[in-house]
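Structure at a glance
The primary structure of each chain is shown beneath.
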There are 2 protein chains.
Amino acid sequence: MITPDTRIMNTAIEIAEKNQTPFGAVLAMGDEIFATAANQTRELHDPTAHAELLVIRKLCSQLKKTDLSGFTLYTTCEPCPMCMSAAIWAKIDVIYYGCDIPSISEKMPQIDIRSRDINKKSFHNVTIQGGVLEKRCMEILQLFS
Amino acid sequence: MITPDTRIMNTAIEIAEKNQTPFGAVLAMGDEIFATAANQTRELHDPTAHAELLVIRKLCSQLKKTDLSGFTLYTTCEPCPMCMSAAIWAKIDVIYYGCDIPSISEKMPQIDIRSRDINKKSFHNVTIQGGVLEKRCMEILQLFS
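Here the structure is a predicted model, which means the values were calculated and not measured. (Residues numbered from 1 in each chain as written. Chains lettered and ligands numbered in written order. Predicted model: local features only at pLDDT ≥ 70, side-chain atom pairs only at ≥ 80, totals over all residues.)

1. Considering the sheet that holds strand β4 (residues 94–99) of chain A
All names here are of chain A. Quick note on the threshold: Following DSSP output, two strands are said to pair if at least two bridges run between them. Each helix is a run of H or I in the DSSP string that is no shorter than four residues. Each strand is a run of E no shorter than two, and both are numbered from the N terminus. With axes taken as lines fitted to C-alpha atoms, and helix axes fitted only over the stretch in contact, angles between N-to-C directions fall between 0 and 180 degrees. For the purpose of contact definition, each residue receives a C-beta atom placed from its backbone, and two residues are in contact when these atoms lie within 7 Å.
Ordered by their spatial adjacency, 5 strands build an open sheet running β2-β1-β3-β4-β5, and the pairing between neighbours is mixed. The sheet is open, and its two edges are formed by β2 (32–38) and β5 (127–129), each paired on a single side. With strand direction ignored, the average angle separating the axes of adjacent strands in the sheet is 15 degrees. Along the sheet, helix α3 (residues 51–63) contacts β1 (24–29), β2 and β3 (72–77); its crossing angle with β2, the most-contacted strand, is approximately 130 degrees. Packed on one face of the sheet, helix α7 (residues 134–144) meets β3 and β4 and runs near 60 degrees to β4.

2. Some thoughts on the interface of chain B and chain A
Rules: Polar here means any residue other than Ala, Val, Leu, Ile, Met, Phe, Trp, Tyr, Cys and Pro, which are nonpolar, and Asp, Glu, Lys and Arg, which are charged; Gly is therefore polar.
Counting residues at the interface gives 30 residues for chain B and 30 residues for chain A. Going through the elements one at a time, α3 (51–63) and α4 (81–89) of chain B are the ones with two or more residues in the side of chain B that touches chain A. For the side of chain B that touches chain A, the element with the highest residue contribution is α4(B), accounting for 6 residues. Looking at the side of chain B that touches chain A, its residues break down into 16 nonpolar, 8 polar and 6 charged.

3. Considering the sheet that holds strand β3 (residues 72–77) of chain B
In a beta sheet, neighbouring strands pair by backbone hydrogen bonds and run either parallel or antiparallel. Residue and element names in this part refer to chain B. Spatial ordering of the open sheet is given by β2-β1-β3-β4-β5, a layout of 5 strands whose pairing is mixed. Looking at which strands have only one partner, the edges of the open sheet turn out to be β2 (32–38) and β5 (127–129). Strand after strand, the sheet turns through a mean of 15 degrees between neighbouring axes, direction not considered. Of the pairings in the sheet, the one linking strand β1 (residues 24–29) to β3 comprises 4 bridges and is antiparallel in character. By the bridge assignment, L27 is partnered in β3 with L73. Here helix α7 (residues 134–144) sits on the sheet and contacts β3 and β4 (94–99); the angle it forms with β4, its principal contact strand, is near 60 degrees.

Here it is as structure tokens:
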């Protein structure tokens, strides 16, 4: 297991705060940040505009490819089954998240399937680690939900 | 259980064929078609550009809202966990599909979680029925995968 870069998770937290949402995401390779996004479901009238889905779409569009092998996704909250599946389709290698789906469920309705359970049933294995800057991520979850 | 409209599933099949992909989707209310889409992952360099996700985004953009309550999704192939979760976030009421994930798995890698298993863990209950014009949907799956 490689070690999460807390500076990059801080960037995910900052992009979330700036957009007044608990949900921010960053795609990075090593210590280099390639793309950032915050949840924009309301602004875009798009129920799929979760931070993770947007950041995947943004980087794929920039790179003109659908394969993000080698990239790491940092996200303030554990990816929902939609976003986790998108990360698998994009062949992302590593996911670091802050707070988990049970914590998010206390604030808003969730689909109750953990990212690791999606991963287990997949054709592509993602390394997943939660609890990264969890206290800060929980603070913005409290603040903006 | 209401009855699927095979004319609408035929439209989903036609949009798939026209785009030379096994994957076509339509959003309808009653017998009125509101939006159609085919898989465009390669064309758009977007691993999330599955037919179902695109048709949900298209109609939400048209209606300027994230809630598709009252709409029915017709799709040539059973929604993957990403698309099924997107349908739940959009509060779609009914999904009709042609061929199922085990059949698609014989042709290409899949995340092996059925739409009804996502539905069971959700905050919103979708009525799901497979096998609609299944033979025709299998034909285009064979042809374009």
